Amino acid sequence: MGSFAIETRSLSKTFVTKRGFWRRKTKSTLAVEDISFNVNQGELFGILGPNGAGKTTTVKMLSTLLLPTSGSISILGLDILKNTLEIRKRIGFTFGGARGLYGRLSARDNLRYFAELYGLAPEITRKRIVELLEMVGLTGREEDRVETFSSGMQQRLHLARALLHNPELIFLDEPTVGIDPVGARELRAAIKTLIARGKTILLTTHYMAEAEELCDRIAIVNKGNIVAMDTPSSLKVRIGRETVIEVDVDQQNLESLKIQLVKLDHLSKVEYSAEKLINRISIHTSEPENILRLLGPFLQAKSIQGLEVRNQTMEDVYVAIIQGEKK
Ligand SMILES: Nc1ncnc2c1ncn2[C@@H]1O[C@H](COP(=O)(O)OP(=O)(O)O)[C@@H](O)[C@H]1O
Ligand SMILES: [Mg+2]
């Protein structure tokens, strides 16, 4: 076995569900279809994909909570089927929107309760709880009941709970889902702290910006398959260093602008969308100067309502890759 924190080969999961009462029809869903990847020690690896892509199913298999239909998984050099208990001692996990905290208990008592459940020694527990509450930014609130916490604070307490037994490898399934922006930022800061302390983290998200900010490498998944896997910057390069120009124009000027843009067809990829009375034109181009020159007269005549020029973001890459898949 190599020194990877996670190694998977041809991992698949099919769910078979029964429907109906008299005629028990069965339906099978291929949630994960033949995925293979490695995660290095100390890496922050992201699985990015839309709802239903198979992210949670993958994380559940990797964290020993769900058996694969086929394929192999090795966690910290250990086989998932042969060394399940040993693996569980060395990993931690949280699932997005997870329940399981006791609202009537304080943050500290929740952690104490779970520490006892894990069989941790009380003298270790006391010190670790203080450290963990500090790390997730809940110092000062340790005696407050968890039911008074915001969703972001609860999510951070979940993270602290997952870290009680000091795991080497941590799985975070959509850690920032349903949290306000400030709470999400604080949670991302806690994740960065963990990486700085040498932990390995696999996180799933459907937020492109989050994956780009945090991850060393990203696997983009769609319909149970990995459709791209690389560093955020290489993923961006893969579909070209393009500039995105977004133009808002009213119905009146749309046609004449379209006619102009068609002339520069070879330089750009143009998409049209409309919301209420404003039409948005998104132009992806490697020669923004030429497009902007063409837009000049429209700007002078004030027939453009909005103009934004930006570099390609992770979101553009994501959309391009997922759309490419569908074709
Ligand atoms: N326990 C289950 N039984 C049947 N189908 C399931 C079950 N869990 C997930 N699925 C299906 O598997 C697919 C992938 O789901 P999931 O892994 O939860 O995706 P994601 O986390 O990326 O949103 C979906 O089509 C989902 O409906
Ligand atoms: Mg999920």
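Peer 1: Mind showing me how you'd approach the pairing of strand β2 (residues 25-39) here?
Peer 2: Within a regular strand, the side chains alternate between the two sheet faces. Sheet topology places strand β1 (residues 6-19) next to β2; 11 bridges connect them, and they run antiparallel. The residue of β2 that forms the bridge with Thr14 is Leu30. The turn joining β1 and β2, which pair antiparallel and follow one another in sequence, is formed by 5 residues; a positive phi near 80° is taken by Gly20.

Peer 1: I tried to follow the packing of helix α3 (residues 107-117) against helix α4 (residues 122-135) on my own but got confused; where do I start?
Peer 2: When two helices pack together, their arrangement is captured by the angle between the axes and the distance separating the axes. It is at 10 Å that the axes of α3 and α4 come closest, and there the two elements cross at 130°. Taken together, the axes of α3 and α4 lie oblique to each other. Of the two possible hands of crossing, α3 and α4 adopt the one that is right-handed. Contacts between α3 and α4 involve Ala107, Arg108, Leu111, Arg112 and Ala115 from the first element and Thr125, Ile129, Leu132 and Leu133 from the second. Among the residues making up the contact of α3 with α4, the classes are represented as 6 nonpolar, 1 polar and 2 charged.

Peer 1: When you look at the sheet that holds strand β7 (residues 169-173) in this model, what are you seeing that I'm missing?
Peer 2: Note: strands within a sheet are paired through backbone hydrogen bonds, in either parallel or antiparallel orientation. Judged by pairing direction, the sheet is mixed, and its 6 strands sit side by side in the order β6-β7-β8-β3-β9-β10 without closing on themselves. The sheet is open, and its two borders are formed by β6 (91-95) and β10 (225-230), each paired with just one other strand. Between one strand axis and the next, the sheet turns by 15° as a mean value, whatever way the strands run. Looking at chain direction, strand β3 (residues 44-48) and strand β8 (residues 200-205) are connected through 5 bridges and run parallel.

Peer 1: What is the right way to look at helix α6 (residues 181-196) in this model?
Peer 2: Along its 16 residues, α6 runs 23 Å from first to last C-alpha, staying within 8% of the 22 Å computed at 1.5 Å per residue. Next to the buried residues of α6 lie α5 (151-162), β7, β8 and α7 (208-214). In the segment just after α6, Gly198 is the residue with positive phi, at about 90°.

Peer 1: When you look at the nonpolar core in this model, what are you seeing that I'm missing?
Peer 2: Buried together is how nonpolar side chains tend to be arranged in soluble globular proteins. With 64 residues, the main nonpolar core has Ile75 and Leu202 as its most contacted residues. Each residue touching Leu202, except ones within four places of it in the same chain, is listed here: Ile6, Val39, Phe45, Ile47, Leu62 and Phe171. Ranked by size, the runner-up nonpolar core spans 7 residues in total, among them Ile245, Val247, Ile281 and Ile291.

Peer 1: Sorry, what's going on with α4 here?
Peer 2: An α-helix turns once every 3.6 residues. As a result, residues three or four positions apart point the same way. Its 14 residues place the ends of α4 20 Å apart at the C-alpha level, agreeing with the 20 Å of an ideal helix rising 1.5 Å per residue. For α4, the set of buried residues is Ile129, Leu132 and Leu133. Count one or two residues on from α4 and you reach Gly137, which has phi positive near 70°.

Peer 1: Looking at this structure, how should I read the domain arrangement of the protein chain?
Peer 2: Many descriptions give the size of an interface as the accessible area lost when the pieces come together. Domain parsing of the protein chain yields domain 1 (6-237) and domain 2 (242-311). Relative to domain 2, the C-alpha centre of domain 1 lies at a distance of 42 Å.

Peer 1: When you look at the site of ligand 1 in this model, what are you seeing that I'm missing?
Peer 2: Around ligand 1, the neighbouring residues are Phe15, Thr17, Thr29, Ala31, Gly49, Asn51, Gly52, Ala53, Gly54, Lys55, Thr56 and Thr57. Those elements that provide at least two residues to the shell around ligand 1 are β1, β2 and α1 (55-62).

Peer 1: Can you walk me through the sheet that holds β1 in this structure?
Peer 2: If you trace the 4 strands from one edge of the open sheet to the other, you get β2-β1-β4-β5, paired in antiparallel fashion. With partners counted over all chains shown, the strands left at the sheet margins are β2 and β5 (78-79), one partner each.

Peer 1: Whenever I open this one, the environment of Lys89 confuses me. Can you help?
Peer 2: Checked against the element boundaries, Lys89 lands in helix α2 (residues 84-90). Sequence separation between Lys89 and Leu105 is 16 residues, and the spatial gap between their C-alpha atoms is 25 Å.

Peer 1: What am I meant to see in the pairing of β6 here?
Peer 2: Counting buried positions along β6 gives 5 out of 5 residues, so the element sits mostly inside the fold. On β6, burial covers both faces: Ile91, Phe93 and Phe95 on one face and Gly92 and Thr94 on the other are all buried. Here 5 bridges tie β6 to β7, and the two strands are oriented parallel to one another. Directly across from Gly92, in β7, lies its bridge partner Ile170.

Parameters and conventions
Residues numbered from 1 in each chain as written. Chains lettered and ligands numbered in written order. Predicted model: local features only at pLDDT ≥ 70, side-chain atom pairs only at ≥ 80, totals over all residues. Pairing = 2+ DSSP bridges. Helix = DSSP H or I, 4+ residues; strand = E, 2+ residues; numbered from the N terminus. Axes fitted to C-alpha atoms, helices over the stretch in contact; angles between N-to-C directions. Parallel < 35°, antiparallel > 145°, perpendicular 65-115°, else oblique. Left-handed = near helix turned anticlockwise from the far one by under 90°. Contact = placed C-beta atoms within 7 Å. Nonpolar A, V, L, I, M, F, W, Y, C, P; charged D, E, K, R; others polar. Expected span 1.5 Å × (residues − 1). Core = buried A, V, L, I, M, F, W, Y, C linked by C-beta atoms within 7 Å. Buried ≥ 20, exposed ≤ 12 C-beta atoms within 10 Å, placed from the backbone. Domains from an automatic or database assignment. Near = placed C-beta within 6 Å.

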